[in-house]
Amino acid sequence: MPVAVTVAPANRHDKKFFHPLYNKIKQLFRIGPFDNAKLLADAAYDATDIYKELHYDGIKPIIATNGRRFRKSSVPKDKDYGKRWAV
């Protein structure tokens, strides 16, 4: 069940829409620091600014690693990672 939606051209990167969608969700649900809260996302969201915002809000990022430069791509070992398409 979608809780926030943004429609954009296919040539725009997913990461550009993280902050607007995340802010909509925080407003709708009045999200604050939570114990054991997680954000599940694919490698498109592997970015420092996203990690910082999640850390500030007390949300654990479960995000695949984007294999750019000298890093290897990887998938998180968290048991919930496969549920990232669900709300």
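Above this note sits the structure.
Residues numbered from 1 in each chain as written. Predicted model: local features only at pLDDT ≥ 70, side-chain atom pairs only at ≥ 80, totals over all residues. Heavy atoms only, no water.

Undergrad: Could you give me a rundown of the pairing of strand 1 (residues 38-41), with the residues and numbers involved?
TA: Burial of strand 1 is one-sided: the residues L39 and A41 facing one way are buried, the residues K38 and L40 facing the other way are not. Where strand 1 lies against strand 2 (residues 60-63), four bridges are found, and the strand directions are parallel. Counterpart to L39 in the pairing with strand 2 is P61. On the question of chirality, the crossover connecting strand 1 to the parallel strand 2 by way of helix 2 (residues 48-56) is right-handed. (Buried < 20%, exposed > 50% of the residue type's maximum accessible area, 1.4 Å probe, protein only. Helix = DSSP H or I, 4+ residues; strand = E, 2+ residues; numbered from the N terminus. Pairing = 2+ DSSP bridges. Right-handed = clockwise from strand over helix to strand, strands pointing away.)

Undergrad: Which residues make up the nonpolar core, and what values go with them?
TA: In this structure, F18, Y22, L39, A41, A44, Y45, A47, I50, L54, I59 and I63 together form the largest nonpolar core, which totals 11 residues. Of all the secondary structure elements, the ones that give two or more residues to this core are helix 1 (18-29), strand 1 and helix 2. Setting aside its immediate chain neighbours within four residues, Y45 contacts D14, K15, F18, I50 and I63. (Core = buried A, V, L, I, M, F, W, Y, C linked by side-chain atoms within 4.5 Å. Contact = heavy atoms within 4.5 Å.)

Undergrad: Go over the environment of N36, please, and point to the residues and values.
TA: Within the secondary structure, N36 is located in the loop between helix 1 and strand 1. Note: C-alpha distance between N36 and R68 (32 residues apart in sequence) is 29 Å.

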